[in-house]
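Single-letter residue listing:
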Amino acid sequence: MSLRKLIVNKTMAALAVLFTVFYSGTAFAQDAAATATTKPVDMGKVHQSALFYVLLFLLLCLFIAIVGKALRVYELTRETQGKPEGINWNTVNAIIFALFLVVGLYGVYWEYSVHGTMISHMHESASEHGHRIDEMFKLTLIITTIVFVLTHIILFAFAYVYRASDKRKAYYYPHNNTIEKIWTIVPALVLTLLVLKGFLTWRSIFYKVEDPKNRPISIEVTSSQFVWDIRYPGPDAVVGKKNYKLITAINGLGVDFNDKNSLDDLIADEIVLPVNKPVRFILTSKDVIHSFYMPHFRVQLNTVPGMTSYFEFTPTITTDEMRTKLNDPKFNYLLLCAKICGANHYNMQKNVRVVSEQEYKEWLTKQTPYLTNDLRKVFKLPIPVEAAPAAAEAPADSTATAATAAVNTNNQLALKK
Ligand SMILES: [Cu+2]
């Protein structure tokens, strides 16, 4: 073969391109290895940057493009020389399909075994209704996983086994009523059962028959960018009315003190719940839609401006019991926002403590009344003489007695009305 012919031969040219690509790759690898032995370089920063991955992606695209071009040159060369097609693309595609099935199924296994364990990090539900939600979640996951794996094996196996071949002719099979019926009725039945179970679970959580001997404790939670405001009812067990038109600098929630139920309301910094007692959260929002989310209790409901929503449930495990169970003395239940509501969304959280009823009652007596003397002036309410100086001077949470005194005065006011 003359040198001229060798250069003109496109197959050789394509091979030369491939060789160059592989060679430069190996050369770089050797360079890197050499540097590593002499002087270790910290690549951490580089690996973290987005630019690194963008460049890596572009490099990969370039590599694929070069291989593609080289193959195209090879094909065209064979074509001009009148030779039969060099690569059977049907077989190549079929093999890629089969590989995709194996890699994909391994991916599913990996996803379940690595990220799937995050579900167990959620551990057992700390509320009564939570077990029903977990059960529903598990059932849905089991059914959908079985269907997913089976349909994908069939899909990719068919693409592999029945790839185009010169040895057989495709069978024309346009319609079959029996198959149509099966693949319509079976999924419809399964989905109906799942939806029905979801519907019944939802009803059992949201439509409860109230037990007059065990009435829920009402707690109002108001969301705004980016805080949760918590209002507890006073001894009257009723959270008073509020009106957005009454919102001012000193009345952030717009509580209406013309409603006597508001007079003894308390403002709290955390959510404290007595164990095994039903609680009813009254949820509203001041600005955008937020989502009241307490994952350990399987509680989630949107808080919507201009609309009040309710979530009632019974916590069953105290914070201390959960800490012992998890062997984690720092564990805390959390209230989070599950709506991407703005820049500080991630920071919108509060601690939730589940305690014994005795502890709950003690904690409640230490909370600050919402009604301050300034608010009394605004609403033209009488200012209690004995409680006024103490409540005004001392910091709110350290003076339990002053706060209790104020609550008591409020009660008297409430009774008078
Ligand atoms: Cu939010």
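Going by the structure above, here's the rest.
Residues numbered from 1 in each chain as written. Predicted model: local features only at pLDDT ≥ 70, side-chain atom pairs only at ≥ 80, totals over all residues.

**Quick word on the pairing of strand S4 (residues 271–274)**
Right, so step 1: Side-chain alternation along S4 places Ile271 and Leu273 on one buried face and Val272 and Pro274 on a second face that is also buried.
Right, so step 2: Strand direction decides the pairing type here: S4 and strand S10 (residues 349–355), joined by four bridges, are parallel. When the bridges of S10 are listed, valine 272 appears paired with arginine 353. (Buried ≥ 20, exposed ≤ 12 C-beta atoms within 10 Å, placed from the backbone. Helix = DSSP H or I, 4+ residues; strand = E, 2+ residues; numbered from the N terminus. Pairing = 2+ DSSP bridges.)

**Regarding the nonpolar core**
Right, so step 1: Val221, Ile271, Leu273, Met294 and Val352 are the most contacted members of the largest nonpolar core, which has 31 residues in total.
Right, so step 2: Where this core is concerned, the elements lending two or more residues are strand S2 (227–232), S4, strand S5 (279–285), strand S6 (290–294), strand S9 (333–337) and S10.
Right, so step 3: Discounting residues that sit within four places of it in the chain, isoleucine 271 has contacts with Ile219, Ile230, Leu335, Lys350 and Val352. (Core = buried A, V, L, I, M, F, W, Y, C linked by C-beta atoms within 7 Å. Contact = placed C-beta atoms within 7 Å.)

**Side note on the sheet that holds strand S11 (residues 368–369)**
Right, so step 1: Spatially, S8-S5-S1-S2-S3-S11 is the arrangement adopted by the six strands of the open sheet, whose pairing is mixed. Across the chains shown, the open sheet's two edge strands, defined by having one partner strand only, are strand S8 (309–313) and S11.
Right, so step 2: Of the strand pairs in this sheet, strand S1 (residues 217–224) and S5 are connected by seven bridges, and their pairing is parallel. If you follow serine 223 over to S5, its bridge partner there is serine 285.

**With respect to the sheet that holds strand S7 (residues 299–303)**
Right, so step 1: Strand order in the open sheet made by the five strands is S4-S10-S9-S6-S7, with mixed pairing throughout. Both edges of this open sheet fall to S4 and S7, since each of them pairs with a single strand only. Averaged over all neighbouring strand pairs, the angle between strand axes comes to 20°, with direction disregarded.
Right, so step 2: Set on the sheet, helix H10 (residues 357–365) makes contact with S4 and S10; between it and S4 the angle comes to about 140°. (Axes fitted to C-alpha atoms, helices over the stretch in contact; angles between N-to-C directions.)

**Thoughts on the packing of helix H7 (residues 130–161) against helix H8 (residues 177–206)**
Right, so step 1: Two elements in contact, H7 and H8, have axes whose closest approach is 10 Å; the angle formed by their N-to-C orientations is 170°. When the axes of H7 and H8 are compared, the pair comes out roughly antiparallel. From H7, Arg132, Ile133, Met136, Leu139, Thr140 and Ile143 reach across to H8, where they touch Val190, Leu194, Lys197, Gly198, Thr201 and Ser204.
Right, so step 2: Taken together, the residues of the contact of H7 with H8 break down into six nonpolar, four polar and two charged. (Parallel < 35°, antiparallel > 145°, perpendicular 65-115°, else oblique. Nonpolar A, V, L, I, M, F, W, Y, C, P; charged D, E, K, R; others polar.)

All quantities given are derived from atomic positions and should not be read as evidence of function.
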